[in-house]
Structures are given as C-alpha cells and as structure tokens.
Protein chains: 2
Amino acid sequence: MNAAPIGIFDSGIGGLTVARAIYERLPMESTIYFGDTARVPYGPKSPDTVRRYSLEILDWLLTQGVKSVVVACNTSTAHALDALRAASPVPVLGVIEPGARAAAEATRGGGIGVIGTAGTVASQAYPAAIHRLLPAAKIEQVACPLFVPLVEEGWFEHPATRLVADEYLAPLRSMGADTLVLGCTHYPLLKPLLHRVMGESVALIDSAEETASSLAVALESAGTASGVEVPGRHRFVVSDDQARFLQVGARFLGERLGEPELVRLG
Amino acid sequence: MNAAPIGIFDSGIGGLTVARAIYERLPMESTIYFGDTARVPYGPKSPDTVRRYSLEILDWLLTQGVKSVVVACNTSTAHALDALRAASPVPVLGVIEPGARAAAEATRGGGIGVIGTAGTVASQAYPAAIHRLLPAAKIEQVACPLFVPLVEEGWFEHPATRLVADEYLAPLRSMGADTLVLGCTHYPLLKPLLHRVMGESVALIDSAEETASSLAVALESAGTASGVEVPGRHRFVVSDDQARFLQVGARFLGERLGEPELVRLG
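The structure displayed is predicted, hence computed values, not measured ones. (Residues numbered from 1 in each chain as written. Chains lettered and ligands numbered in written order. Predicted model: local features only at pLDDT ≥ 70, side-chain atom pairs only at ≥ 80, totals over all residues. Heavy atoms only, no water.)

Bringing the overall build of chain A into the picture now. When helices and strands are tallied, chain A shows eleven helices and ten strands. Against the compact-globule benchmark of 18 Å for 266 residues, chain A has a radius of gyration of 17 Å, which places it among compact chains. Over its C-alpha atoms, taken along the principal directions, chain A stretches across nearly 50 × 40 × 40 Å. Out of the 266 residues in chain A, the part that is buried amounts to 59%. Within chain A, contacts between residues at least 6 apart in sequence are counted, and of these 75% link residues at least 24 apart. Counting only carbon and sulfur atoms, one obtains 54% of the accessible surface of chain A, whose full area is about 9800 Å². Both charge centroids of chain A, one from 22 positive and one from 28 negative side chains, sit 1 Å from each other. (Helix = DSSP H or I, 4+ residues; strand = E, 2+ residues; numbered from the N terminus. Rg over C-alpha atoms; globule rule 2.2 N^0.38 Å. Buried < 20%, exposed > 50% of the residue type's maximum accessible area, 1.4 Å probe, protein only. Contact = heavy atoms within 4.5 Å. Areas by Shrake-Rupley, 256 points an atom, 1.4 Å probe, with all protein chains shown as cover. Lys, Arg positive; Asp, Glu negative; His and termini not counted. Charge placed at Lys NZ, Arg CZ, Asp CG, Glu CD.)

In structure tokens:
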C-alpha cells in the first residue's frame, strides 16, 4: 500500500486520454500529469531529442515522489522507454506494449493496421512489439500527421476529418485489416469516425485503456496500489501556455481538468 | 558593399518561402537559413518562450557574421521583434511590417482579413501595424492552425484542404474582405486554393515577397548590399531532424534546398 502519486507524462495534451483511462480504472490513485507543452510535438523530432526531453521530465517527476511513471506518449515510448527504465528507480510503463498485446489478442488473422505520428511509425516499435507476440502477423503502418491538429481543433466529426481519414486509412482497408491500433494518444477522440471509415467489425485498439489495465496489474503485483478508500487527487503541470492547455484539454477531460501549474524544463 | 551573409530564421520550414523570395529578389546575396526544427511550432507557444528561443537563434546567427537578420516567422516577429532589435548590433527585419504596409496599400476599403497561427492572431500584431498606417481599417483575424500541417503534408489542392479553408475563411468572406494577409510563412503555398475560396478579386498579401522587397531597400539604403556579381551561396541549418527538413523543405524550395547542417541550441 502506497499513497504516493503516479507520474504520467506526454509531449502535450494527448496523454490526457491515458490519464482519463487511469482515473476510471484506478479511482483511488493520485496522479501528477506533466504535459511538455513548450516542446510539443514530439512526433516529428529525432529519437535523440525525444530521449533527452523524456529523461528531463522523468527527473522532475521523481523529485515529486512518484511511485510509478506512465509514458503516455507513443513517440516517447518508442524512442525513450529503454532509457527511462535504465534511469528510473521506480517502474516505468509505456503505451506500446499494452497496445501491441491487445492487438495480438484481437486480430483474427486478417492483418493489423497501426496509425501514429511520423516518429512512432518510423521507430517500428509497434510492429516489433506485435511480432514478438505473433511472429506471423501481417502489419501495415500509416503516419497520420493531420489527426493531432484536427483533434486539437475539436473537429472529431468534421467532413474534412472524414476526408483525411478516408485517405490515410485507404491502404489499411485495402489490406483487409481486422484490427486498428490507435498508436497516438490523441486518436481515441476520433474513435466513432474511425469506426465508420474502417467498418464496425474492425477492432479499434485504444492504448490508453490497455495501459490503464496494465498499470492496475503492475501496482497490484508490486504491492504499491493506493489502498486508501478516498478518491485520488490529480495535479496538472505544463511547461508552457496554461491557457491553451486548459482550453484544448477540456476536450479530453471535461470538468476533471484542474488548473495547471507551470514548470519550465531544459 | 558587404559580402557577408544575411541571416534568415524561422521556427522550422515555413520561412523557406521568405528565403525563396529573397533569392529571387536579391540573387547576389548569400544567406544562412536557421530552422528551429527541434522546437517547432512556435504558433501555440507563449510570448516569453518564443522570445527566449528567438534570442538564442539571433546569438547563433551573429556568431556566423551575418550583416542583417530576417525574422521569417510571423509568430516570432509578433512576440520577439522588439527584443531582437534591442539585442542585435545588425539590422533586424520582421515579416509583419512589410505585410501590413502592403495590405494598407491594397485594400479598397472593404475590409482586411488576416490569417495566421494562434500566437500571431492573439498577439494583435497585424491589426496594430495596419491601424498605424490606416486608422479606420476594418480588420478581422482568424487563426488557421490546420493550414500548417496541411501544407507540410503537401495537400495544397486536396479536397480536405478546401473544406478546411471554406470553414476558416467564412467569416472573412462574410465581412466582405477585399484583402487577405497571409500571416504565416507556410500559407503562400496555398495561394491558388485561397484565391478560389476568397474570390479572384481579393488581394492576397504574401509577406514573404513584401519582406524581400523591404530587405532590398534596407540593404541599399545602409550601403550593405552584396555588390559582387556572382550568385549568392545558401547555407541551411536546423536544430533537429535534417531528413524531414529535406523532405518537406523540397515542397518549398525544390532543388535549391541544400543539405542542412545540424546545430543544437538551448
């Protein structure tokens, strides 16, 4: 039993989908969410730079006494998870392994599509993780750089978003994918539209939910679950522009989004 | 007469439209283009952060012996031009004054629309600059955060881009704007589409061209024009991810884009 908070970080706002899944799955856990809004987005940045930024955030979260760290950003998980684990005295959980495991369980042999940022796709992290579980899996990846700004505009159902999705997902429909991994934490907000474009029979893998489940298992098995019977408290910290975080973050979390604190890194 | 290079900087790739306009207007001048690709985009960042980053780039350009600096980024011009001018021993030129002057000359009284990033629009820099020249001007601004990623995808004529433009520009059509200021260096690549959406009679103000003209005047009047009769040489420097800069930058500059050097700042 351990009432210390869980650290959650992302390049910006998208990781709030992971935070939300954690609040729902683990309502008695307290959290500190760090959004690196000064340096967002990580998607187009080089692996070295993403690693350096991620390690700076880990250092800061450790000064806050977190008992566990969730990397709520696919790009950072892809490029920095090993480095973070090597550097951290507390467990570090990424979003890619849980998503890959769920995809390997969901597919019925028809192929797995993976969508994400340019960085996540180029890293080959999802195909590698899925192939470890399912060596024969047929996997195709597509980078979808317009989805993040469309989500941040709140255009979840806009005709333009539909046209963009039609174009991005065409190769995944052609391959006959029966499973689609949402390999970016912004994408769960597009679920209804993605379902319509891909067809209702295609399983959408939401890494946020899978990661929250994995976190629950990890806390239980390590004996570090909160144990208290009062709802967790949630802090929000950003590296820049609190106003925009509040405005766009409300699309992700609604009223649960608290006033963010400002902490400058780097 | 001064053969030293001109420093040009932007948060990333967009400023290449300004670089291109300078190459065309001043073919005998050499340039160093700095794209802060590690920290792109500046649009959603706070004024303080944009100022800090811009001053770091100025310092670096000065170590390269530039004779003049062009801030080829609207957000940086909006937030940092005064600070850059105060800190720089060489002349610093932004993109907003030239664009504002051209808009004030082009309008026939029907109203001026200004489009840009969230940061440029919030700064009110264009309305302030236009009102100094034309106090009675009717001005309306719209932030168009999806235009940058659409341009970087190369979707200059995509139906999705048309839908996005229809929605963003609707208030400017309603106001009867006869002039549209392209207040972001990415937007000149959307000119044909913006013309169709706004109507061919609407004057599109391309800050890149206006800035190149202002630079020509400034160099002449300061007696620092190149004076040599050989074509200028052009260096490209980025703070991250040269591969992406080359790939996307080719949409802006074509074959004139040289292999970028990597310089880390901050």
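Residue and element names in this part refer to chain B. Turning to helix α11 (residues 242-253), its buried residues number three or more, namely Phe 245, Val 248, Gly 249, Phe 252 and Leu 253. Projected down its long axis, α11 shows its buried positions confined to an angular sector of 135°, all on one face. Along α11, the residues that are exposed and aim more than 90 degrees away from the buried face are Ala 243 and Gln 247. Buried residues belonging to α11 abut α1 (16-25), β2 (31-35), α7 (147-153) and β9 (234-238). Just past α11, the residue Gly 254 takes up positive phi, approximately 65°. (Arc of directions from axis to C-beta.)

What follows concerns the interface of chain A and chain B. Between chain A and chain B, the contact holds 29 residues from the first and 29 residues from the second. Approximately 2300 Å² of surface area, both sides summed, lies buried where chain A meets chain B, with 58% of it carried by carbon and sulfur atoms. For the pair chain A and chain B, the number of links is zero salt bridges. Our enumeration of links across chain A and chain B arrives at twelve residue pairs in polar contact (both at pLDDT 80 or more). (Buried area = accessible area lost by both parts, 1.4 Å probe. Salt bridge = Lys/Arg side-chain N within 4 Å of Asp/Glu carboxyl O. Polar contact = N/O pair within 3.5 Å; in protein donor to acceptor, adjacent residues only side chain to side chain.)

Relative to the assigned elements, Thr37(B) resides in the loop between β2 and α2 (47-63). In this structure the side chain of Thr37(B) is engaged in a polar contact, spanning 2.5 Å, whose partner is the backbone oxygen of Asp240(B). Leaving out residues up to four positions away in the same chain, Thr37(B) has contacts with Lys45(A), Ser11(B), Gly12(B), Val238(B), Ser239(B), Asp240(B) and Phe245(B).

So, about the pattern of salt bridges. Pairing is possible between side chains that carry opposite charge, provided their charged atoms lie close to one another. By the definition in use, this model includes 25 salt bridges over all chains. Between Glu152(B) and Arg244(B) there is a salt bridge, with the nearest N and O atoms lying 2.4 Å from each other. Residue Glu152(B) is found in helix α7, and its partner Arg244(B) is found in helix α11; the two are separated by 92 residues along the sequence. We classify Glu152(B) as buried; its relative accessible area is 14%. As a salt-bridge pair, Asp206(B) and Lys191(B) come within 3.0 Å of each other at their nearest N and O atoms. Of the two residues, Asp206(B) sits in strand β8 (residues 203-206) while Lys191(B) sits in helix α9 (residues 191-198), which places them 15 residues apart along the sequence. For Asp206(B), a relative accessible area of 6% corresponds to the buried category. Counted as one network, the salt bridges with shared partners bring together Asp36(A), Arg39(A) and Glu56(A).

Residues and elements named next belong to chain B. Overall, parallel pairing links the four strands, which are arranged β6-β5-β7-β8 in an open sheet. Looking along the sheet, the strands with just one partner apiece sit at the ends: β6 (139-143) and β8. Neighbour-to-neighbour, the strand axes of the sheet open up by a mean angle of 20°, direction not taken into account. Where strand β5 (residues 112-116) meets strand β7 (residues 179-183), five bridges bridge the pair, whose relative direction is parallel. Looking at β7, one finds that Gly 113 is bridged to Leu 180. Sheet strands in contact with helix α4 (residues 96-106) are β5, β7 and β8, and its direction is about 160° off that of β8. Each of β5, β7 and β8 touches α9; the most contacted strand, β8, lies at about 150° to it. (Pairing = 2+ DSSP bridges. Axes fitted to C-alpha atoms, helices over the stretch in contact; angles between N-to-C directions.)

Take the nonpolar core next. As a rule of thumb, nonpolar side chains are buried together in soluble globular proteins. In terms of nonpolar packing, the biggest core is built from 141 residues, with Leu16(A), Ile115(A), Phe147(A), Leu16(B), Ile115(B) and Phe147(B) touching the most fellow members. Here Phe147(B) is in contact with Ile115(B), Val164(B), Ala165(B), Tyr168(B), Tyr187(B), Leu190(B) and Leu194(B), once residues within four sequence places are set aside. (Core = buried A, V, L, I, M, F, W, Y, C linked by side-chain atoms within 4.5 Å.)

Residues and elements named next belong to chain B. Under the 1.5 Å per step criterion, the end-to-end length of α2 is 25 Å for 17 residues, consistent within 8% with the ideal 24 Å. Taken together, the buried residues of α2 touch β1 (6-10), β2, β3 (68-71), α3 (74-87) and β9. At the C-terminal side of α2, Gly 65 shows a positive phi close to 75°. (Expected span 1.5 Å × (residues − 1).)

So, on to the side chain of Thr211(B). Within the secondary structure, Thr211(B) sits in helix α10 (residues 207-222). The residues contacting Thr211(B), other than those within four sequence positions of it, are Val18(B), Val70(B), Leu93(B), Gly94(B), Val95(B) and Pro98(B).

Turning to the domain arrangement of chain A, a few remarks are in order. Residues and elements named next belong to chain A. The domain boundaries assigned to chain A delineate domain 1 (6-94 + 209-262) and domain 2 (97-207). Here the C-alpha centre of domain 2 lies 22 Å away from the C-alpha centre of domain 1. Listed per partner, the contact involves 25 residues of domain 1 and 27 residues of domain 2. A buried area of about 1800 Å², summed over both sides, lies between domain 1 and domain 2, and 52% of it is on carbon and sulfur atoms. Along the contact surface separating domain 1 from domain 2 lie three salt bridges. The partner of Glu 97 in a salt bridge is Arg 85, and the shortest N-O contact between them spans 3.5 Å. Where the side of domain 1 that touches domain 2 is concerned, the elements lending two or more residues are α1 (16-25), α3 (74-87), α10 (207-222) and α11 (242-253). Take the side of domain 1 that touches domain 2: its biggest share by element is six residues, from α3. Taken together, the residues that form the side of domain 1 that touches domain 2 break down as eight nonpolar, ten polar and seven charged. (Domains from an automatic or database assignment. Nonpolar A, V, L, I, M, F, W, Y, C, P; charged D, E, K, R; others polar.)

All names here are of chain A. Relative to strand β9 (residues 234-238), strand β2 (residues 31-35) runs parallel, the two being bridged by five bridges. Within the sheet, the bridge partner assigned to Phe 34 lies in β9 and is Val 237. In this structure, β9 lies alongside strand β10 (residues 261-262), joined through two bridges in parallel fashion. Bridging across to β10, Val 238 finds its partner in Leu 262. For the crossover from β9 across α11 to β10, the handedness is right-handed. (Right-handed = clockwise from strand over helix to strand, strands pointing away.)

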